[in-house]
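What the coordinates show
Listed below, chain by chain, are the residues.
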Amino acid sequence: MAVKRKPIGFYLASGWMGLCVLMSTVGGFLPLPNWKVGDYDNLGVGLFSPGHLLGTDTSGIDQLSAVINGTRLSLTISFTAAILGILIGGFLGILAAYSRGWLDSVILMYFNVSLSVPTIILALALVSIFASSDSMGQTSALERIGTLILTLAIVLIPILGRIARASALSWTGRDFVLAAKAMGMKPLQIMWNHILPNVVPTLLSIGFLAAGVLIVVEGGLAILGAGVLDGSTWGAMLATNRQLLTIYPHTTLIPAAAIAMTVLSLNYFADYIRNIIDGRESRL
Amino acid sequence: MTSLLSIRDLRVEFDTARGPLAAVRGVSLDIEAGESVGIVGESGSGKTVMSRSTMGLLRGRKVRKTGSVVYNGQELLTLDLKSLRELWGTNIAMIFQDPMTTLNPVRRIGSQMREGLVKRLGLSKEDANKRCLELLKLVHFPDPQEALRKYPHQLSGGMRQRVMIAMAVACKPKVLFADEPTTALDVTVQAQVLDLLEDLRKELDMAMVIVTHDLGVVAGHTDKIAVMYAGEVVEFAPTRELFANTKMPYTEALMKSIPRLDRQAEKRMPVIPGRPPDPTEHSPGCSFAPRCQYAQQKCRDEHPALEDAGNGHMYRCFFPIGGR
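Since we're looking at a predicted model, the values are computed, not measured.

Glancing now at the overall build of chain B. When its secondary structure is counted, chain B shows 11 helices and 12 strands. For 324 residues, the compact-globule estimate of 2.2 N^0.38 gives 20 Å, and chain B sits close to it at 21 Å. Dimensions along the principal axes, computed over C-alpha positions, put chain B at roughly 65 × 50 × 40 Å. Counting across all 324 residues of chain B, residues that qualify as buried make up 42%.

Listed below in structure tokens is the structure:
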């Protein structure tokens with residue numbers, strides 16, 4: 001492949017995602033105020049206040065510190081769910097395309113049924129079943145996060161599964177599959193060696209897109225009270241501060257901006273991979 | 001009769017929405033070890049279906065096969081998929097028409113070539129690599145080491161077909177089906193690929209079946225030729241005999257429609273008028289009668305049987321050229 005100059009958007013997207021990774025790994029070591037402890041002398045101060053670059057919310061929590069801290073969980077939740085979705089959805093989709101019999105019908109029916117359930121309702125139901133408050137009014141944060149990841153993955157599986165199935169089907173009819181068959185390759189070998197490598201780029205591209213969407217969905221769930229409880233994700237920050245949007249706009253706009261930039265970057269990566277695939281297809 | 005591959009009265013029907021479609025209607029053919037047979041016919045004459053169903057690649061609920069295909073004493077038509085798979089590649093192999101689509105676009109040539117050697121012959125990766133280099137040299141690759149690292153899109157059509165050929169002969173099959181091996185290639189490359197196939201056949205002592213629509217392709221590279229029309233063999237003869245002593249009007253018409261340089265330029269190129277018959281409905285008479293310039297009433301009413309003209313020459317015609 002010829003070495004091409006990558007478009008500027010690629011560097012911007014990579015830059016932001018790189019920053020996100022840094023924030024979620026070493027962000028805790030930065031000399032910033034603790035994101036859990038409010039600074040009661042500076043409640044709700046605006047941007048560029050002394051000691052608080054991005055201001056504080058009404059509890060005096062430093063917004064820069066909070067948004068950096070939120071990166072870790074936001075990305076962990078969405079990426080874990082996306083990876084789970086890719087693995088399980090991809091497996092089911094390829095299995096369906098490969099078996100083409102009753103198994104295909106069963107898997108397809110599962111996809112269709114789960115696609116017909118509204119995402120938010122499903123998520124609310126799952127969270128209230130698996131991670132509702134106990135008798136003491138307490139929920140383990142880890143339980144919440146686990147449920148959230150599971151919920152998002154469940155929502156994602158049928159979508160990615162259908163895409164994987166369609167993509168796998170479009171490759172099973174190709175001549176090189178027939179040629180491999182005529183070489184005496186077993187169906188599983190053909191699936192693994194010939195179909196999978198062609199389906200993976202498509203799934204990866206959709207997976208990036210999905211990871212972006214999941215960050216937004218997580219924010220939505222947080223606002224509905226089904227997200228992570230304390231302000232430890234971007235969505236949770238939005239949820240905590242949303243009532244004060246008109247008075248302290250920066251407290252909602254900062255996490256919103258972080259979400260927007262991440263989603264944009266991930267979409268850009270998805271497009272970038274898509275373009276590589278398209279370019280390769282056109283050379284066939 | 002101990003032919004390596006013996007096809008007897010092979011019929012292949014597909015269930016379609018418009019009723020059964022008989023793509024192959026009673027083909028019998030014997031292929032001896034080491035010999036080269038050409039199967040010639042128009043699009044839709046059933047030649048690809050015949051070769052694929054002979055190999056056993058065509059299966060499924062909508063395919064009905066009757067007759068018999070015996071390879072090395074084994075009946076292939078009723079053989080289960082697992083045993084068939086054992087034969088594929090190592091005993092019977094196939095080269096396909098379009099080298100652009102028969103290689104996996106996302107995998108390097110080397111990894112695709114190694115696959116068969118490792119999985120079918122149980123070679124180690126290093127041995128398979130060595131064998132790949134030998135194979136690529138065998139098919140006249142200028143720089144085999146380099147080629148192994150390339151992706152299919154980095155090779156030209158002719159190069160890719162060479163890779164396909166190398167892969168097909170990798171496990172030393174006894175019979176090689178070449179389904180239109182040169183159709184997708186440049187005319188200049190066609191001759192090279194055909195010569196290569198011919199050399200490989202002699203070197204590896206395998207039987208070869210070249211399926212093509214181009215009489216010119218098989219003329220210089222086969223021992224025998226079977227001409228197919230509407231799912232039947234209409235003429236079968238040793239190559240030399242077929243060209244010297246054509247019996248079947250269809251074969252004659254095919255030969256006449258090969259473009260020739262010594263023909264007068266002002267003259268229109270001779271073509272066979274009409275189209276091959278609809279495979280879902282068969283007339284009681286000779287399938288070629290509607291397009292045949294010699295056709296008489298008998299041709300439209302009765303179906304001609306395969307007749308023996310001696311010298312291994314068979315034809316299916318009531319009024320053969322040059323008389324009986």
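On we go.
A tally of regular secondary structure across chain A gives 9 helices and 0 strands. Along chain A, from the amino end to the carboxyl end, the secondary structure elements read α-α-α-α-α-α-α-α-α. By its C-alpha atoms, chain A is 75 × 55 × 30 Å across when sized along the principal axes. Residues classed as buried in chain A amount to 42% of the 284 residues present. Taking all contacts inside chain A whose residues are at least 6 apart in sequence as the whole, residues at least 24 apart take part in 69%.

Our focus in this paragraph is the packing of helix α2 (residues 63–99) of chain A against helix α3 (residues 102–115) of chain A. All names here are of chain A. Where α2 contacts α3, the two axes come as close as 7 Å, and the packing angle between them is 145 degrees. Along this stretch, α2 crosses α3, giving a crossing that reads as left-handed. The residues of α3 that touch α2, namely those facing Leu 92, Leu 95, Ala 96 and Ser 99, are Leu 103, Asp 104, Ile 107 and Leu 108. A class-by-class count of the residues in the contact of α2 with α3 yields 6 nonpolar, 1 polar and 1 charged.

Take the pairing of strand β1 (residues 5–16) of chain B next. All names here are of chain B. Pairing analysis gives 10 bridges linking β1 to strand β2 (residues 19–31), with the strands arranged antiparallel. Within the sheet, the bridge partner assigned to Glu 13 lies in β2 and is Ala 22. Once β1 ends, the chain turns through 2 residues before running back antiparallel as β2. Across 8 bridges, the pairing between β1 and strand β4 (residues 63–71) is antiparallel. Considered in β4, the bridge of Ile 7 is made with Val 69.

Another aspect to go through is the sheet that holds strand β10 (residues 232–238) of chain B. Residues and elements named next belong to chain B. Strands sit in the order β6-β7-β8-β3-β9-β10-β12-β11 across an open sheet of 8 strands; the sheet is mixed. Because the sheet does not close on itself, it has two edges, and the strands there are β6 (92–95) and β11 (307–308). For β10 and strand β12 (residues 314–315), the ladder comprises 2 bridges, and the chain directions are antiparallel. Bridge pairing in β12 places Glu 235 opposite Tyr 315. Lying over the sheet, helix α6 (residues 157–169) contacts β6 and β7 (175–179), oriented at roughly 175 degrees with respect to β6. Together, β3 (36–40), β9 (224–229) and β10 form the strand contacts of helix α10 (residues 249–256), whose direction differs from that of β9 by roughly 100 degrees.

As a further point, take unusual backbone geometry. All names here are of chain B. Of note in this structure, Lys 172 is not a glycine but carries a positive phi near 50 degrees. As for its position among the elements, Lys 172 is in the loop between α6 and β7. Its 13 C-beta neighbours within 10 Å are what place Lys 172 among the partly exposed residues.

Next up on the list: the environment of A:Gly219. All names here are of chain A. Note on placement: Gly 219 falls in helix α7 (residues 187–223). It is 6.9 Å that separates the C-alpha atoms of Gly 219 and Trp 234, two residues lying 15 residues apart in sequence. With sequence-adjacent residues up to four places away left out, Gly 219 is seen in contact with Trp 234, Gly 235, Leu 238 and Ile 259.

Turning our eyes to something else, we now look at the nonpolar core. Ranked by size, the top nonpolar core spans 155 residues in total, and within it A:Leu152, B:Ala166, B:Val175, B:Leu176, B:Val209 and B:Val227 carry the most contacts. Here this core gets 15 residues from one element, more than from any other, and that element is α7(A). When neighbours within four sequence positions are excluded, A:Leu152 is seen to be in contact with A:Ile77, A:Ala81, A:Leu214, A:Val217 and A:Glu218.

Looking at chain A, the pLDDT average stands at 84 and 92% of residues meet or exceed 70. By mean pLDDT, helix α4 (residues 119–130) of chain A is the weakest element of chain A at 80, and α3(A) is the strongest at 92.

As a further point, take the sheet that holds β4(B). Pairing in this open sheet of 4 strands is antiparallel, and the strands run β2-β1-β4-β5 (chain B) from one edge to the other. Edge strands, defined here as strands with exactly one partner in the open sheet, are β2 and β5 (74–75) of chain B.

Contact with chain A, which involves 19 residues of that partner, is made by 25 residues of chain B. Those elements giving two or more residues to the side of chain A that touches chain B turn out to be α6 (175–182) and α7 of chain A. Per-element tally for the side of chain A that touches chain B: the top contributor is α6(A), with 6 residues.

Chain-level statistics for chain B give a pLDDT mean of 87 and a share of 98% at 70 or above. In the model output, the complex is listed with pTM 0.77 alongside ipTM 0.81.

Among the 8 residues that make up helix α8 (residues 234–241) of chain A, 8 are buried, leaving the element largely enclosed by the rest of the structure. The complete set of buried residues in α8(A) reads A:Trp234, A:Gly235, A:Ala236, A:Met237, A:Leu238, A:Ala239, A:Thr240 and A:Asn241.

The next subject is the packing of α7(A) against α8(A). All names here are of chain A. One way to put it is that α7 packs onto α8 with a least axis distance of 8 Å and a crossing angle of 35 degrees. Between α7 and α8 the crossing geometry is right-handed. Here α7 contributes Glu 218, Gly 219, Leu 221, Ala 222 and Ile 223 to the contact with α8, which in turn contributes Trp 234, Gly 235, Ala 236, Leu 238 and Ala 239. Among the residues forming the contact of α7 with α8, the class breakdown is 7 nonpolar, 2 polar and 1 charged.

Residues and elements named next belong to chain B. One can find Arg 61 in the loop between α1 (47–55) and β4. Residue classification places Arg 61 among the exposed residues on the basis of 6 C-beta atoms within 10 Å. Residues Arg 61 and Phe 14, 47 residues apart in the sequence, show an inter-C-alpha distance of 9.0 Å.

Turning our eyes to something else, we now look at the environment of A:Val263. Residue and element names in this part refer to chain A. Position of Val 263 relative to the elements: it lies in helix α9 (residues 249–282). We classify Val 263 as partly exposed; it has 18 C-beta atoms within 10 Å. A C-alpha to C-alpha distance of 9.7 Å links Val 263 and Ala 13, two positions 250 residues apart in sequence. If we skip the residues at most four places from it in the chain, Val 263 touches Gly 212, Ile 215 and Val 216.

About the criteria used
- Residues numbered from 1 in each chain as written.
- Chains lettered and ligands numbered in written order.
- Predicted model: local features only at pLDDT ≥ 70, side-chain atom pairs only at ≥ 80, totals over all residues.
- Helix = DSSP H or I, 4+ residues; strand = E, 2+ residues; numbered from the N terminus.
- Rg over C-alpha atoms; globule rule 2.2 N^0.38 Å.
- Buried ≥ 20, exposed ≤ 12 C-beta atoms within 10 Å, placed from the backbone.
- Contact = placed C-beta atoms within 7 Å.
- Axes fitted to C-alpha atoms, helices over the stretch in contact; angles between N-to-C directions.
- Left-handed = near helix turned anticlockwise from the far one by under 90°.
- Nonpolar A, V, L, I, M, F, W, Y, C, P; charged D, E, K, R; others polar.
- Pairing = 2+ DSSP bridges.
- Core = buried A, V, L, I, M, F, W, Y, C linked by C-beta atoms within 7 Å.
- pLDDT = per-residue confidence, 0-100.

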